Amino acid sequence: MNRTAYIRFAALLLSIPFLVFSCKTPTEEKEPKRGLIAENAMVVSARGEASRIGVEIMQKGGNAFDAMMATEMALAVTFPFAGNLGGGGFAVYRMANGDIGSIDYREKAPGAAYRDMYLDENGEVIPGLSTKGALASGVPGTIAGIFEAQSKFGKLDPKEILQPVIDLARNGFVVSTQQANRLQGIRDVVREVNGEDTFYGKEYNAGDTIKNIALAETLERIANNGRDEFYKGETAQVLVNHMKEMGGIITLEDLASYEAVWRNPIVFDYKDLRVISMAPPSSGGVTIGQILKMVEPFDLKSMGHNSADYVQVLTEAMRRAYADRNYYLGDPDFVEIPIAELLDDEYLKNRMESFNPEKATLSSDIAEGSVLFAESMETTHYSIMDAEGNALAVTTTLNGAYGSKVYLDELGFFMNNEMDDFSSKAGVPNMFGLIGAEANSIAPGKRMLSSMTPTLVERDGQLWMIVGTPGGSTIITAVAQTILNAYEFDMTMQEAVEAPRFHHQWLPDQILFEENSLDSTLLKILTAKNYLINEGRTPIIGSVDAIMVLPDGKLEGGADPRRENEAAGY
Ligand code: DON
């Protein structure tokens, strides 16, 4: 066998699991693959330590909201890629008695921000200004969010919750292989932004222990003085001075006036499921609602998982939903959003009327700029279920990997680059290739539009699934597919998380498939129908952390093997 034939043969062998998966027939049924099973409570997150600390807090008598505070901060220590104090997020809850709600702790544009702040004198976007350096940061919301949620619903003293996290920061966490590669990958830019001696400018290898004393001290002050330490205390002062020195515009007043906001979640039915997801300023709930409602009339089950027909129907729904997302959605405190109309059954039925099973509906001739995944990006999602039956889906982010790359050495954390989620200029794609409109233009104090989709699903009136993922613009479609995998194709939680995913976001007009997930037959059928395919250029889409409540009441964790996610429970 010559070398080329050998490589082809090896590639064929590697793709066999995917071919087998997509062609599965009833006679080939194998034992379903299950994730971790727990009797009482569970946390699934991007790091084992963070999942375990959340579970320990619940074993000490805390509930899901206490575990949220512990897990979120443990991720800030062990997963600085996305875990944060310098970022923001969203959490959707469902109490054991069925009450639902959500908290928005998204970053806000600083008071001195203005619409054209990332444009040059010719009105062109200045590359990198909204993604790297101090000007890229919004006012962080994470500490406000976890304190607001914990003080309303939690049971323990924040000091008790934060102590194991402080110990973790002080005693250190072990660098994983993926983490070592990522740290290696950004070392140069972190040094360029923060100077040679900066903490994450050092060389860290897999197996090394990182002790972040500055972060331990910051967390200790926060444990002692509460959320105001971050927004009005010594921490606020240090943050503002540091950002100012680096050309940033966040002021003490911006921090002092930051508030997390309770919002009514987006709630809609999909067949006999009731889906509860995040409202604007995240586009997650509205957009996943539009996608699922547009595909609801189709018999997806009989089409087969990831069959050409299935990919086509879902793609057409995604395309239409993202076109609405980009035009209508923004911060509800600044713009009027026609949520009811966007989720109206009749409207969505009409929207799909132009769907032609023989031919792709092309999005547009413009803006084919393929800027997706230009750099490694990360957010992080965790799912929590406590022993009382309270459920939390939480997604939090710095936006890009290590955010703006600005690291506050005195405080031990990175600052976000969330300002890039605004539309710097109408029609110009952001780092996720998303094209924005007026609704998401920059204004002082405004929250930038997000795609984060922390989601809860009820089945027959009972909590059934807690789900979410990182992945920028692909978050919404990854969450939608995870729900459909479990509901339409009867996958276990772990199988639903692991199944290959695809994505379409209207513009650029292309279907992204994960590497190795597209077989040649599927490619042939879709291209014959005029679909534009981005073949395997995206190594992974999302990294889902989910929990399913099984019929016997036990919990099954779905920890995505695409990254180092881990479930813990008892
Ligand atoms: O809020 C958003 O939609 C983005 N800032 C999320 C960023 C993200 O998921 C990066 N991860 N891959």
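Residues numbered from 1 in each chain as written. Predicted model: local features only at pLDDT ≥ 70, side-chain atom pairs only at ≥ 80, totals over all residues. Heavy atoms only, no water.

Here the focus is the nonpolar core. Met 465 and Phe 513 are the most contacted members of the largest nonpolar core, which has 86 residues in total. It is helix α13 (residues 308–328) that contributes the most residues to this core, nine residues altogether. Grouped together as the second largest cluster of nonpolar side chains are 84 residues, Met 58, Phe 79, Val 190 and Ala 236 included. (Core = buried A, V, L, I, M, F, W, Y, C linked by side-chain atoms within 4.5 Å. Buried < 20%, exposed > 50% of the residue type's maximum accessible area, 1.4 Å probe, protein only. Helix = DSSP H or I, 4+ residues; strand = E, 2+ residues; numbered from the N terminus.)

It is worth spelling out empty space enclosed by the protein at this point. For the structure on display, the rule yields four cavities of 30 Å³ or more. Each pocket or cavity is described by its volume, and for the largest cavity that value is around 210 Å³. If you go around the largest cavity, you meet 26 residues; those closest to its centre are Arg 325, Asp 421, Asn 430, Leu 434 and Leu 449. Contributions of two or more residues to the lining of the largest cavity are made by α13 and β11 (391–400). (1 Å grid on protein atoms, 1.4 Å probe; cavity = no way out; pocket = protein on both sides within 12 Å on 5 of 7 lines; lining within 4 Å. Points joined across faces, edges and corners; volume = space filled by probe spheres on them.)

Our next topic: the sheet that holds strand β8 (residues 266–270). Across the sheet, seven strands lie side by side as β1-β20-β19-β15-β14-β9-β8; this open sheet has antiparallel pairing. A strand with exactly one partner marks an edge of an open sheet, and here the two such strands are β1 (37–38) and β8. In this sheet, strand β20 (residues 555–559) lies alongside β1 in antiparallel orientation, the contact comprising two bridges. Bridge assignment links Ala 38 to a residue of β20, and that residue is Leu 555. Most of the contacts of helix α11 (residues 284–295) go to β8, to which it runs at about 15°, and overall it touches β8 and β9 (273–277). Contacts between helix α16 (residues 475–488) and the sheet are confined to β8, β9, β14 (455–459), β15 (462–467) and β19 (545–549), with β15 contributing the most and set at about 135° to the helix. (Pairing = 2+ DSSP bridges. Contact = heavy atoms within 4.5 Å. Axes fitted to C-alpha atoms, helices over the stretch in contact; angles between N-to-C directions.)

Before going further, it helps to examine the packing of α13 against α16. Working note: a packed helix pair is described by the angle between its axes plus the distance between those axes. Packing of α13 against α16 brings their axes to within 11 Å, and their N-to-C directions diverge by 140°. For the element pair α13 / α16, the angle class is oblique. Considering the relative orientation of α13 and α16, their crossing is right-handed. Packed against α13, whose contacting residues are Tyr 310, Leu 314, Met 318, Tyr 322 and Arg 325, the element α16 presents Ile 476, Thr 477, Gln 481, Leu 484 and Asn 485 at the interface. Residue classes in the contact of α13 with α16 are distributed as six nonpolar, three polar and one charged. (Parallel < 35°, antiparallel > 145°, perpendicular 65-115°, else oblique. Left-handed = near helix turned anticlockwise from the far one by under 90°. Nonpolar A, V, L, I, M, F, W, Y, C, P; charged D, E, K, R; others polar.)

Attention shifts here to the environment of Ser 307. Assignment of secondary structure puts Ser 307 in the loop between α12 (300–303) and α13. Classification of Ser 307 by relative accessible area gives buried; the value is 17%. It is 36 Å that separates the C-alpha atoms of Ser 307 and Asn 390, two residues lying 83 residues apart in sequence.

Moving on, we come to a negative patch on the surface. Where like charges cluster on the molecular surface, the negative patch consists of Glu 341, Asp 344, Glu 346 and Glu 353. Relative to the elements of secondary structure, Asp 344 occurs in the loop between α14 (339–342) and α15 (345–351). (Patch = residues over 30% accessible without salt bridge, like charges linked within 9 Å, V, L, I, M, F, W, Y side chains within 5 Å. Areas by Shrake-Rupley, 256 points an atom, 1.4 Å probe, with all protein chains shown as cover. Salt bridge = Lys/Arg side-chain N within 4 Å of Asp/Glu carboxyl O. Lys, Arg positive; Asp, Glu negative; His and termini not counted. Charge placed at Lys NZ, Arg CZ, Asp CG, Glu CD.)

Any aromatic ring pair is given by two values, namely how distant the centres are and how the planes are angled relative to each other. All told, the structure shown has 25 aromatic pairs when counted by the stated rule. The interplanar angle of 90° and the centroid separation of 5.4 Å between the aromatic rings of Tyr 200 and Tyr 407 together place this pair among those described as edge-to-face. One end of the pair, Tyr 200, is in the loop between α6 (177–194) and β6 (209–210); the other, Tyr 407, is in strand β12 (residues 407–408), and 207 residues separate them in sequence. The exposure class of Tyr 200 is buried, given its relative accessible area of 1%. Look at Tyr 407 and you get buried, because its relative accessible area is 1%. (Phe/Tyr/Trp six-rings, centres within 6.5 Å; stacked < 30°, edge-to-face > 60°.)

Spanning twelve residues, helix α4 (residues 142–153) covers 17 Å between terminal C-alpha atoms, matching the ideal 16 Å at 1.5 Å per step. Of the residues making up α4, those classed as buried are Thr 142, Ile 143, Ala 144, Gly 145, Ile 146, Phe 147, Ala 149 and Gln 150. (Expected span 1.5 Å × (residues − 1).)

Time to look at the environment of Ala 321. Among the structural elements, Ala 321 can be located in helix α13. By relative accessible area, Ala 321 is classed as buried at 0%. In the structure, Ala 321 is positioned 248 residues away from Met 73 in sequence and 34 Å away in space, judged by C-alpha atoms. With residues near it in sequence (within four places) discarded, Ala 321 still touches Thr 287, Gln 290, Ile 291 and Met 294.

Around the ligand, the surrounding shell holds 15 residues, and the nearest of these are Thr 379, Glu 418, Asp 421, Ser 450 and Ser 451. Against a free-state accessible area of 340 Å², the protein chains account for coverage of 97% of the ligand. Among the detected pockets, the ligand sits in the largest cavity. Elements with a minimum of two residues in the shell around the ligand: β10 (377–385) and β11. With three residues, the top contributor of residues to the shell around the ligand is β10. (Near = heavy atom within 4 Å. Sits in = over half its atoms within 2 Å of the grid points.)

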